Amino acid sequence: QASGEYVYKVDSDFILDKEVVGQCIKKAKEGCDAVVVHNSPDVSISWIARVRKFEVDMYKYDLTHSSARFVKKEVFEKIGGYTEKITAGEDYDFQNKLNRGGFKTGFVDAEALHLGEPKNFWKHMKKYYDYGKDFVNYKQENSKESKEQLRFFRGVYVKNWKIFIHNPILGIGFIVYNFFKFGFGGAGYLVGKFKKI
């Protein structure tokens, strides 16, 4: 229903830097078809949010593990918007469609603060279990890209090895967190795949 020149997907629990939209429009006018706005966890929410920030900040300028949310409306329509049957990994799927279409994606420095960070560890793991079941649909549409996007060990961690040295406690927390996250997500994926069969 949007009638403007651009579309920006913003979740209800985001607070935007005041420069976000202006920087996105500037990038678009410089030739970018889509723009990634980094979503940074609010570390005041919980210790899980601090661990998540440690992780997601490594993805800020990494297109393999990021997705554009700000996009020219004509480009949004050309790639068919979001794939409605994909409810987990829909952001990865959206970026993959942009990449396959040959559209140029840029990054801005301004960020969105994510307020909806988890407080309860086990409820959060249950969410990843549910995501795992839904990722079956994502993988069907993105078999090639999913090998890198869903892997446990990622090249971006090696690229940012210094932050593990400077923040050893968070680094250990991140490793433990990821072990559980991929364990629950993997279990959900197996259940989802079995149901498909």
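Here the structure is a predicted model, which is why all the values come from computation and not from measurement.

A. Focus on the side chain of Asp42. Within the element layout of this structure, Asp42 appears in the loop between strand S3 (34-41) and helix H2 (47-56). Buried charged residue Asp42 carries no salt bridge. Nearest counter-charge: Arg50, at 8.9 Å. For Asp42, the side chain forms a polar contact with the side chain of Ser44, separated by 2.8 Å. Excluding its chain neighbours within four sequence positions, the residues that come into contact with Asp42 are Ala49, Leu113, His114, Leu115 and Glu117.

B. Looking closely at the packing of helix H5 (residues 121-141) against helix H9 (residues 168-196). For the pair H5 and H9, interaxial distance at closest approach is 7 Å and the crossing angle is 45°. Taken together, the axis directions place H5 and H9 in an arrangement best described as oblique. In this structure, the crossing between H5 and H9 has a hand that is right-handed. Residue composition of the contact of H5 with H9, grouped by class: 13 nonpolar, 7 polar and 5 charged.

C. Spotlight on the sheet that holds strand S1 (residues 6-8). Ordered by their spatial adjacency, 5 strands build an open sheet running S1-S4-S3-S5-S2, and the pairing between neighbours is mixed. Looking at which strands have only one partner, the edges of the open sheet turn out to be S1 and strand S2 (14-16). For this sheet the average axis-to-axis angle between neighbouring strands, irrespective of direction, equals 30°. By the bridge criterion, 7 bridges tie S3 to strand S5 (residues 105-114) in an arrangement that is parallel. Paired with Ala34 across the two strands is Thr105, which belongs to S5. Across the face of the sheet, helix H4 (residues 90-100) comes into contact with S3, strand S4 (70-72) and S5 while running at roughly 165° to S5.

D. Focus on the layout of surface pockets. The space that makes up the largest pocket amounts to roughly 1,300 Å³. In terms of lining residues, the largest pocket is bounded by 44 residues, among which Arg52, Asp91, Tyr92, Tyr128 and Tyr131 are the most central. Broken down by secondary-structure element, the contributors of at least two residues to the lining of the largest pocket are S3, H2, H4, H5, helix H6 (143-149) and H9. The element best represented in the lining of the largest pocket is H5, accounting for 6 residues. Counted by class, the lining of the largest pocket contains 15 nonpolar, 14 polar and 15 charged residues.

E. Region of interest: the nonpolar core. Core analysis: the biggest nonpolar cluster contains 13 residues, and Met58, Tyr59, Tyr157, Phe174 and Tyr177 have the highest contact counts within it. Looking at this core, the elements with two or more residues in it are H2, H5, helix H7 (155-159) and H9. At 4 residues, H2 tops the list of elements feeding residues into this core. The contact partners of Tyr177, leaving out residues within four places of it in the chain, are Ile48, Val51, Arg52, Glu55, Phe121, His124, Met125 and Tyr128.

F. Examining the pairing of S3 more closely. Burial of S3 is extensive: 7 of the 8 residues sit out of reach of the surface. Judged from the 2 bridges that link them, S3 and S4 form a sheet pairing that is antiparallel. Counterpart to Val35 in the pairing with S4 is Phe70.

G. Geometry of the packing of aromatic side chains. By the definition in use, this model includes 21 aromatic pairs. Geometrically, the ring pair formed by Phe179 and Phe180 is edge-to-face, given 5.8 Å between the ring centres and 90° between the ring planes. Given the relative accessible area of 58%, Phe179 is considered exposed. Overall, Phe180 belongs to the partly exposed group, its relative accessible area being 30%. The rings of Trp47, Phe121, Trp122, Phe179, Phe180 and Phe184 are connected pair by pair, giving a single aromatic cluster. The ring of Tyr128 has Lys127 sitting right over it, with the charged end atom 5.9 Å from the ring centre.

H. Just the pattern of salt bridges, in detail. All told, the structure shown has 14 salt bridges when counted by the stated rule. Between Asp11 and Lys9 there is a salt bridge whose closest N-O contact spans 3.4 Å. Here Lys9 falls in the partly exposed class, since its relative accessible area comes to 26%. Its salt-bridge partner being Glu117, residue Arg52 comes within 2.5 Å of it at the nearest N-O pair.

Cut-off values and rules
Throughout this document, residue positions are counted from 1 along each chain, in the order its sequence is written. Side-chain atom pairs in this predicted model are given and counted only at pLDDT of 80 or more, local residue features only at pLDDT of at least 70, and totals for whole chains, interfaces and linings cover all residues. Derived side-chain values reflect all non-hydrogen atoms in the structure, with water molecules and hydrogen atoms excluded from consideration. Where helices and strands are cited, they refer to DSSP runs of H or I of at least four residues and of E of at least two residues respectively, numbered from the N terminus. Think of it in three bands: with a 1.4 Å probe and only protein chains considered, a residue is buried below 20% of the maximum accessible area for its type, exposed above 50%, and partly exposed in between. The charged-residue count follows a simple rule in which Lys and Arg add positive charge and Asp and Glu add negative charge, with His and chain termini not counted at all. Every case where a carboxyl oxygen of Asp or Glu lies within 4 Å of a side-chain nitrogen of Lys or Arg is listed as a salt bridge. Polar contacts, as used here, are pairs of N or O atoms within 3.5 Å; protein pairs need one atom able to donate a hydrogen and one able to accept it. Residues neighboring in sequence count only if both atoms are side-chain atoms. We call two residues in contact when some of their heavy atoms are within 4.5 Å. Here, axes are lines fitted to C-alpha atoms. For helices the fit covers the stretch in contact, and angles between N-to-C directions go from 0 to 180 degrees. Each angle is binned into one of four classes, with values under 35 degrees roughly parallel, values over 145 roughly antiparallel, values of 65 to 115 roughly perpendicular, and all other values oblique. Helix crossings fall into two classes, left-handed where the near helix is turned counterclockwise from the far one by less than a right angle and right-handed where it is turned clockwise. When residue character is reported, Ala, Val, Leu, Ile, Met, Phe, Trp, Tyr, Cys and Pro are called nonpolar, Asp, Glu, Lys and Arg charged, and the others, Gly included, polar. Two strands pair if DSSP finds at least two bridges between them. Only protein atoms enter the 1 Å grid used here, on which a cavity is any set of points holding a 1.4 Å probe that cannot leave and a pocket is any open set flanked by protein within 12 Å on both sides along at least five of seven lines; residues with an atom within 4 Å of a point are listed as lining. Grid points are joined across faces, edges and corners, and a volume is the space filled by probe spheres set on the points. Grouping buried Ala, Val, Leu, Ile, Met, Phe, Trp, Tyr and Cys residues that are joined through side-chain atoms within 4.5 Å yields what is termed a nonpolar core. Between 30 and 60 degrees the pair is tilted, below 30 it is stacked and above 60 it is edge-to-face, where a pair is any two Phe, Tyr or Trp rings, Trp via its six-membered ring, whose centres lie within 6.5 Å. For a lysine, the NZ atom is tested; for an arginine, the CZ atom; a charge sits over a ring if that atom is within 6 Å of the ring centre and within 35 degrees of the ring normal.

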